[in-house]
Each structure stands twice: as structure tokens, then as C-alpha cells.
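Structural description and commentary
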Amino acid sequence: MPAPLLHIETGQDLPASADAVVIGGGIVGVSAAYYLARRGLKVALVEKGRIGAEQSSRNWGWCRQQNRDARELPIATRSLDLWQALAGEIGLDPGFRRCGLLYLSNDEAEIAGWARWRDFARTQGVTTHMLSAAEAGERGQATGRAWKGGVFSPSDGIADPERAAPVIARGVAKFGGSVHQLCAARGLELEAGRVAGVVTEAGTVRTRTVVLAGGAWASSFCHQLGIRFPQASIRSSILSIGPGADGPDALHTARVSLTRRGDGGYTLAVSGNARVDPTPQQLRFARYFLPMFAKRFRVLAPGGLEGLRSGHETLARWRLDRPTPMERMRVLDPAPDRRMIRDTLVRARELLPALAGIPVTAEWAGYIDSTPDGVPAIGETTVPGLILAAGFSGHGFGIGPGAGHMIADIITGAAPIVDPAPYRPARLDRSSWGKVSDF
Ligand SMILES: Cc1cc2nc3c(=O)[nH]c(=O)nc-3n(C[C@H](O)[C@H](O)[C@H](O)COP(=O)(O)OP(=O)(O)OC[C@H]3O[C@@H](n4cnc5c(N)ncnc54)[C@H](O)[C@@H]3O)c2cc1C
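I will try to describe carefully the structure that is included in this document. (Residues numbered from 1 in each chain as written. Predicted model: local features only at pLDDT ≥ 70, side-chain atom pairs only at ≥ 80, totals over all residues. Heavy atoms only, no water.)

Let us look at the sheet that holds strand β21 (residues 386–390). Spatially, β8-β2-β1-β12-β21-β20 is the arrangement adopted by the six strands of the open sheet, whose pairing is mixed. Looking at the sheet topology across the chains shown, the edges are occupied by β8 (178–180) and β20 (377–380). Along the sheet, successive strands turn relative to each other by an average axial angle of 15°, direction set aside. Pairing of β20 with β21 involves four bridges; the strand directions are antiparallel. Bridge pairing links Glu380 to Ile387 in β21. Along the sheet, helix α1 (residues 27–38) contacts β1 (20–23), β2 (43–46), β12 (210–212) and β21; its crossing angle with β2, the most-contacted strand, is approximately 170°. (Pairing = 2+ DSSP bridges. Helix = DSSP H or I, 4+ residues; strand = E, 2+ residues; numbered from the N terminus. Axes fitted to C-alpha atoms, helices over the stretch in contact; angles between N-to-C directions. Contact = heavy atoms within 4.5 Å.)

Turning next to the packing of α1 against helix α12 (residues 396–412). Between α1 and α12, the shortest axis-to-axis distance is 7 Å and the interhelical angle comes to 40°. If you check the angle between α1 and α12, you find them oblique. α1 and α12 meet at a crossing whose hand is right-handed. For the pair α1 and α12, the contacting residues are Ile27, Val28, Ser31, Ala32, Tyr35 and Leu36 in the first and Gly396, Phe397, Gly400, Pro401, Gly404, His405, Ile407, Ala408, Ile411 and Thr412 in the second. (Parallel < 35°, antiparallel > 145°, perpendicular 65-115°, else oblique. Left-handed = near helix turned anticlockwise from the far one by under 90°.)

So, about the side chain of Ser105. Here Ser105 shows up in strand β4 (residues 101–105). Under the relative-accessibility criterion, Ser105 is labelled buried at 2%. A distance of 2.6 Å separates polar atoms of two side chains, one belonging to Ser105 and the other to Glu110. If we skip the residues at most four places from it in the chain, Ser105 touches Glu110, Ile111, Trp114, Trp147, Lys148 and Gly149. (Buried < 20%, exposed > 50% of the residue type's maximum accessible area, 1.4 Å probe, protein only. Polar contact = N/O pair within 3.5 Å; in protein donor to acceptor, adjacent residues only side chain to side chain.)

Time to look at the site of the ligand. Near the ligand lie 35 residues; those nearest to it are Glu47, Ser56, Trp62, Gly396 and Gly398. About the coverage of the ligand: the protein hides 98% of its 1000 Å² of free accessible area. Among the residues making up the shell around the ligand, the classes are represented as 16 nonpolar, 15 polar and four charged. (Near = heavy atom within 4 Å. Areas by Shrake-Rupley, 256 points an atom, 1.4 Å probe, with all protein chains shown as cover. Nonpolar A, V, L, I, M, F, W, Y, C, P; charged D, E, K, R; others polar.)

Tracing the chain through its elements places Thr253 in the loop between β14 (250–252) and β15 (257–260). Given the relative accessible area of 4%, Thr253 is considered buried. Through-space distance from the C-alpha of Thr253 to that of Asp333 is 27 Å; in sequence the pair is 80 residues apart. Dropping the residues within four chain positions of it, Thr253 is found in contact with Leu104, Trp147 and Leu351. Within polar-contact distance, the side chain of Thr253 engages the backbone oxygen of Val256 at 2.7 Å.

Glancing now at empty space enclosed by the protein. Counting across every chain of the model gives one cavity of 30 Å³ or more. Of the volumes computed, that of the largest cavity is approximately 40 Å³. Lining the largest cavity, in full, are Glu54, Gln55, Arg58, Ala216, Leu332, Pro334, Gly366 and Tyr367. Only α2 (55–58) and β19 (360–370) provide two or more residues apiece to the lining of the largest cavity. (1 Å grid on protein atoms, 1.4 Å probe; cavity = no way out; pocket = protein on both sides within 12 Å on 5 of 7 lines; lining within 4 Å. Points joined across faces, edges and corners; volume = space filled by probe spheres on them.)

With that out of the way, let us pick up the pairing of strand β16 (residues 266–269). Burial along β16 is two-sided: Tyr266 and Leu268 and Thr267 and Ala269, pointing in opposite directions, are all buried. Judged from the three bridges that link them, strand β13 (residues 232–241) and β16 form a sheet pairing that is antiparallel. Following the sheet pairing, Leu239 is matched in β16 by Leu268. As judged from the four bridges shared by β15 and β16, these two strands associate in the antiparallel manner. Along β16, the bridge assignment pairs Arg260 with Tyr266.

Here is the structure:
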């Protein structure tokens, strides 16, 4: 049972030329194409599989400022406003609502960490409420247990991963862009070292500007061009259950987290828990990721051969006149970790007794692509005209609209919606010790 996804139909011919080509139809790619189209650019979006079918439909749907690293907080804040505007602009609902996010804990160190973040957030104009034990008990009433404390972030929200990327892709078409599914970009044509076109399996599009929003495939694509982009993916497993239980819209605890879905059911997952499937690319970049693994090793477990089978982290070079690994793996759909799924369900039913007896509707896994410091890489690469937007490190769904807007700003020369400096890919050439994001 794969992650639910709204399938959209797209049948236009690939244009011979475009002002910009966006590679990848996840939340980042569709958002970049959307804001480019809204500015009147002729934009073509190419997606090797289905719009939204990889990470962007496999996530929890949290759009949060809460606990965000200082480098990402501004884009998270701006993204929430953009999320809110999308339904009105497009005329279709991506399922966003500012329902607030609830965090509950019995661990004093964790609560103290949230309080420190609250103090920092205040300096940035972001309001979040620390909850006393009584308030936590009241907000977490559905759990039927006592809590030492918690935090509630009223201006945060959730969007619907099943609908969001497809709805924004419809928005691309509404504002004059073209969207092409089952259309892998195999590589770039360069002239005098700069981008001159995108070679796809359906033909070449002439363009001087390319956005590479290829999610977990971005580094292997960069490798073809001699660009070193340290990126690694971990496999996270998750499940959904049907409607029928009352409870909070979005609740995080250290043992398990719950998110109410658009259909009234819940998505269940354990924050941070994931498997590391070894791949050639991971070995290549292992030293870059040591600081990250040192910080997070407790929640990561060794995986298996899924990564090799998937092919997204290959170091092979491919030709542009033959099918590539992207065409062999239209949708990256790794096997979920059965034990993790079972544990998650048990923990969720312990946390929210009303979930007992509600049947599981789907189980899936997704590869979460990360950079060594846990902050996305967004900006022009060493190949002029090629803008990288990948490595969203488990936060890309919520900040996708802001990232897409910023990319459109960079391309059109508009004042950027937030300072792009923290995201520059070139920072990844340096060590990440001391720079790994906290959350
Ligand atoms: C289990 C899980 C839970 C998560 N929870 C959250 C959350 O609650 N909140 C949050 O903000 N984030 C969350 N995330 C992270 C978030 O889902 C990702 O950061 C985000 O979706 C990344 O978007 P993207 O567009 O960069 O990549 P993707 O959604 O992976 O899209 C990349 C697309 O590019 C396409 N592609 C790649 N190469 C090519 C090519 N050469 N040609 C054509 N197409 C190509 C792929 O087919 C794919 O569709 C979670 C992720 C997972 C897996």
C-alpha cells in the first residue's frame, strides 16, 4: 500500500525552448516553477515519474517554525504565508491549515530545550507557547495521561502531502507553464561552460536557466557535470490509519508523532528514526557526514540493500542517448521497515487510546535527502545557469513554497524573499563540525 497521491494528468508536448527548465516535480520543483510562471517566464517542469510521488507525498505534512534552526526560521515563516495564499491563487486546495503544532513531554531536558528555542524565537518575532503541566494535560487530554510540560506553536500548520505538489503543479499550468511527467532529464547541454539546454528522454529543451530540484537524485545528477554535492539519504518508515478517532491535529512526543490527514485519518511516525542503506555515494561523502552521524547516531540504524537497488546514489556516469537510472526507477519507493511500522503503531495506540481498532490504510517509506549540516543547498552551482535546490534534510515540505519563491527571486533578479546566503551550495565545501542543525 503506497503513500496516497493525487494523480494529475499532463499531456503537453515538450517545448523546444524555455526561459527556465525545472527538473523534479516534488514540492520544491513545483513551487519554483509556480513562482517563475507567475512572473510571466516561459517555464517547463520535467518529472521522471509522477508529480509529488517521492518525498513530497511521503511526509507528515508539517509546516513548522517550531524548533527550526536559525538559518531556516526566516524561510519557514515566509513559507507559512505563501502556503496560506496558494488555495486562493490556484483555485484548488493544497490542504493547508494553521492548526498549530503540539509537543508534549515528560523529559525536563527536552522541555528546557523547547524553552530555549522559545526565547530565541521571540527575538525573531515568532510566538510559541510553553505549556505548564496542567496546560499540557488539557491540550493533550485525548492521551488520557499526565505530562510534565509541552509547547504549542499556534502559527504553524499542516498541509496535505497527498495533494500539495499536484495542486501546485496545476497552478504552474494555470499561470502558463508546462508540466511533463514520465520525462526524465538525462543531463545538460553546455556552451562555453554555461547551461544551454536540458536533454530529456523526450527531446532537448533549449534554455539558459535550469533549476535542479531532483530531491534524492540531485547529487548523482551533479556528478555527471563534475559538480560535487555532498548529499546522503536515510530511509524513514511511516504508516496511515483510517478516520474515526478524535484527537489533536498534530502531536509530537519523543516516542511517536501523529498528524491528522485530509481524509480524517492519522499519519503515524517516530521522529528521526531511520535506516542508513549503504550506497557508493554515501561512502564517497562519508567524511562530510561524520558530524551529522555523530549528533544523530542514536536514532539511525544500519539498513540493507534498498539503496543499491534504488540507484539514486550511484556514482556511475551515464550517457544522454540511452535510458538512465532515473528512467529505470520512475518512483523511488523503498520498502518500509516492518519492525519500525509495527512499533510505531503500538506506540501510537498507547499514546492515543482512541486509535485502537482503527485499521491501517497504508505503510510506506521515503528516502530523506540531507546535506552535511542539515540545511538545504539552494543557489547557483559552479556551472553558470544551473541552480541547485536539494538536500532539504527532512524540512522541505514546509519550506517548499518559500524555497520556490526564493529561487524565482534569484532567477529574475528580484529582491529575495529571505537572505539566500545560508543556503549557498559552496558552503558545503567546508567542514560541518559545529554547524549541524539542531532539529
Ligand atoms: C517520512 C518523511 C517525513 C517527512 N516529514 C516532513 C514534514 O513533516 N515536514 C517537512 O517539511 N518535511 C518533511 N519531510 C521532508 C520533505 O518531504 C522533503 O524535504 C521534501 O518533500 C523534498 O522535496 P523535493 O522537491 O526536494 O524532493 P522530492 O519530493 O523527492 O522530489 C524530487 C523529484 O525529482 C524527480 N527527479 C529526480 N531526478 C530527476 C530527473 N533527472 N528528471 C526528472 N525528474 C527527476 C523525482 O522523481 C522526484 O519526484 C519528510 C520526509 C519523509 C520521507
